[in-house]
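Coordinates in review
The chain contents come next:
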Amino acid sequence: KHYEEIANDYEGVTESFAVHAGKELRIMVETDIISDLDAYKLAKAIAKDIEKSGEYSGIMKIHVFRETHVIEYAK
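Residues numbered from 1 in each chain as written. Predicted model: local features only at pLDDT ≥ 70, side-chain atom pairs only at ≥ 80, totals over all residues. Heavy atoms only, no water.

On to the sheet that holds strand β2 (residues 24-29). Read across the sheet, three strands follow the order β1-β2-β3 without closing on themselves; strand pairing throughout is mixed. Where the open sheet ends on each side, the last strands, each with one partner, are β1 (13-19) and β3 (61-65). Strand-to-strand, the axes of this sheet are offset by a mean angle of 15°, without reference to chain direction. The strands touched by helix α2 (residues 36-53) within the sheet are β1, β2 and β3, with β3 carrying the most contacts at an inclination of about 145°. (Pairing = 2+ DSSP bridges. Helix = DSSP H or I, 4+ residues; strand = E, 2+ residues; numbered from the N terminus. Axes fitted to C-alpha atoms, helices over the stretch in contact; angles between N-to-C directions. Contact = heavy atoms within 4.5 Å.)

When the terminal C-alpha atoms of α2 are compared, their 26 Å separation across 18 residues agrees well with the 26 Å that a helix rising 1.5 Å per residue should span. All buried positions along α2 are accounted for by Ala39, Leu42, Ala43, Ile46 and Ile50. Buried residues of α2 fall within an arc of 100° about the axis and therefore sit on the same side. Summarising the geometry of α2, the exposed residues directed more than 90 degrees from the buried face are Leu37, Tyr40, Lys48 and Lys52. Considering only its buried residues, α2 is in contact with α1 (3-8), β1, β2 and β3. (Expected span 1.5 Å × (residues − 1). Buried < 20%, exposed > 50% of the residue type's maximum accessible area, 1.4 Å probe, protein only. Arc of directions from axis to C-beta.)

Spelled out as structure tokens, the structure:
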């Protein structure tokens with residue numbers, strides 16, 4: 001499996017992509033499904049899955065992004 005496929009198999013992951021020649025994996029998650037603590041656990045779980053796959057060289061950085069954007073208008 002590719003890195004993105006490994007990450008996308010997890011519930012709450014909306015998007016993932018490898019950058020920097022496969023040395024970094026960026027993962028976007030749904031804020032209503034993944035809490036801050038869950039984001040930490042998710043990063044560790046994905047890192048372990050990638051280690052098990054053995055399809056990487058060196059060190060890979062796993063980023064989990066959990067963001068909320070709020071916009072309001074004064075009329």
